Amino acid sequence: MQRLTEEQRARIEQLARDEGTTCEGCGSARLRCGEEARRTHDQGLMVYLWCAEGVHPRGAYQYFTILPEVDIGA
Ligand SMILES: [Zn+2]
(Lines give C-alpha, C1' and ligand atoms only; values in the text may rest on other atoms or scores of the structure.)
Protein backbone atom coordinates (compact mmCIF):
# COMPACT_ATOMS: atom_id res chain seq x y z
CA MET A 1 0.00 0.00 0.00
CA GLN A 2 1.13 3.50 -0.75
CA ARG A 3 0.15 6.42 1.46
CA LEU A 4 -1.29 9.29 -0.56
CA THR A 5 -0.63 12.93 0.16
CA GLU A 6 -3.44 15.49 0.35
CA GLU A 7 -2.32 16.84 -3.02
CA GLN A 8 -2.41 13.40 -4.62
CA ARG A 9 -5.85 12.73 -3.21
CA ALA A 10 -7.12 16.07 -4.53
CA ARG A 11 -5.62 15.25 -7.93
CA ILE A 12 -7.32 11.84 -7.98
CA GLU A 13 -10.67 13.36 -6.98
CA GLN A 14 -10.27 15.78 -9.89
CA LEU A 15 -9.47 12.89 -12.26
CA ALA A 16 -12.59 11.06 -11.11
CA ARG A 17 -14.71 14.18 -11.69
CA ASP A 18 -13.16 14.69 -15.12
CA GLU A 19 -14.14 11.13 -16.04
CA GLY A 20 -17.68 11.70 -14.82
CA THR A 21 -17.38 9.14 -12.03
CA THR A 22 -20.35 9.07 -9.69
CA CYS A 23 -21.35 7.04 -6.65
CA GLU A 24 -22.76 3.70 -7.73
CA GLY A 25 -25.26 3.85 -4.88
CA CYS A 26 -26.72 7.36 -5.06
CA GLY A 27 -25.29 8.92 -8.21
CA SER A 28 -23.49 11.75 -6.43
CA ALA A 29 -20.33 13.19 -7.95
CA ARG A 30 -19.04 14.17 -4.49
CA LEU A 31 -16.44 11.46 -4.01
CA ARG A 32 -13.51 11.50 -1.60
CA CYS A 33 -10.34 9.61 -2.34
CA GLY A 34 -9.16 7.15 0.32
CA GLU A 35 -5.84 7.60 2.08
CA GLU A 36 -4.07 4.64 0.50
CA ALA A 37 -3.40 3.37 -3.00
CA ARG A 38 -2.58 -0.12 -4.15
CA ARG A 39 -0.21 -0.73 -7.07
CA THR A 40 -1.85 -2.75 -9.82
CA HIS A 41 -0.11 -5.50 -11.78
CA ASP A 42 0.39 -3.13 -14.72
CA GLN A 43 1.96 -0.45 -12.49
CA GLY A 44 -1.16 1.69 -12.32
CA LEU A 45 -2.82 2.60 -9.04
CA MET A 46 -6.07 1.47 -7.48
CA VAL A 47 -7.74 3.66 -4.88
CA TYR A 48 -11.03 3.75 -3.03
CA LEU A 49 -13.46 6.56 -3.70
CA TRP A 50 -15.81 7.17 -0.80
CA CYS A 51 -19.18 8.81 -1.30
CA ALA A 52 -19.31 12.13 0.58
CA GLU A 53 -23.10 12.12 0.87
CA GLY A 54 -24.63 11.13 4.18
CA VAL A 55 -27.10 8.72 2.65
CA HIS A 56 -25.22 5.45 3.16
CA PRO A 57 -25.53 4.13 6.72
CA ARG A 58 -22.33 2.11 6.48
CA GLY A 59 -20.56 4.36 4.02
CA ALA A 60 -20.14 3.58 0.34
CA TYR A 61 -17.01 3.18 -1.69
CA GLN A 62 -15.98 2.01 -5.10
CA TYR A 63 -12.70 1.25 -6.76
CA PHE A 64 -11.03 3.71 -9.08
CA THR A 65 -8.01 2.82 -11.15
CA ILE A 66 -5.41 5.23 -12.46
CA LEU A 67 -3.45 4.23 -15.50
CA PRO A 68 0.36 4.11 -15.14
CA GLU A 69 0.85 6.98 -17.60
CA VAL A 70 -1.30 9.35 -15.52
CA ASP A 71 0.79 11.58 -13.28
CA ILE A 72 -0.73 12.22 -9.86
CA GLY A 73 2.38 13.94 -8.57
CA ALA A 74 3.82 10.86 -6.87
ZN1 LIG B 1 -23.44 7.76 -2.61
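The text that follows walks through the structure, step by step, so that each part is easy to find. Remember, it's a predicted structure, so these values are computed and weren't measured experimentally. Within any chain, residue numbers begin from 1 and follow the written order of that chain's sequence. Reporting in this predicted model follows two pLDDT cut-offs: at least 70 for local features of residues, and 80 or more for side-chain atom pairs to be given and counted; totals over whole chains, interfaces and linings ignore these cut-offs and use all residues.

1. Some thoughts on the overall build of the protein chain
- Strands are runs of DSSP state E lasting at least two residues, helices are runs of H or I lasting at least four, and both sets are numbered from the N terminus onward. A count of helices and strands for the protein chain gives one helix and four strands.
- Its helices and strands taken in sequence order, the protein chain reads β-α-β-β-β from the N to the C terminus.
- The quantity called the radius of gyration is restricted to C-alpha atoms. Its globule counterpart is 2.2 Å times the number of residues to the power 0.38. Computed over the C-alpha atoms, the radius of gyration of the protein chain is 12 Å, within 12% of the 11 Å expected from 2.2 N^0.38 for a compact globule of 74 residues.
- Comment: burial labels come from other C-beta atoms within 10 Å of the residue's own C-beta, placed from the backbone, where a count of 20 or more is buried, 12 or fewer is exposed, and between is partly exposed. Taken over 74 residues, the protein chain has a buried fraction of 20%.

2. What to know about the sheet that holds strand β2 (residues 31–39)
- Note on pairing: two strands pair once DSSP finds at least 2 bridges between them. Pairing within the open sheet is antiparallel, and its four strands lie in the order β1-β2-β3-β4. What marks the edges here is a single partner per strand, and that holds for β1 (2–3) and β4 (61–66).

3. Remarks on the nonpolar core
- With 13 residues, the main nonpolar core has Ile-12, Ala-16, Leu-31, Cys-33, Val-47 and Leu-49 as its most contacted residues.
- Looking at this core, the elements that each hand over two or more residues are α1 (6–18), β2, β3 (45–51) and β4.
- Every residue in contact with Val-47, bar those within four places of it in the chain, is listed here: Ile-12, Cys-33, Gly-34, Ala-37 and Phe-64. By convention in this section, buried Ala, Val, Leu, Ile, Met, Phe, Trp, Tyr and Cys residues joined through C-beta atoms within 7 Å make up a nonpolar core. By definition, residue pairs are in contact when their C-beta atoms, positioned from the backbone, come within 7 Å.

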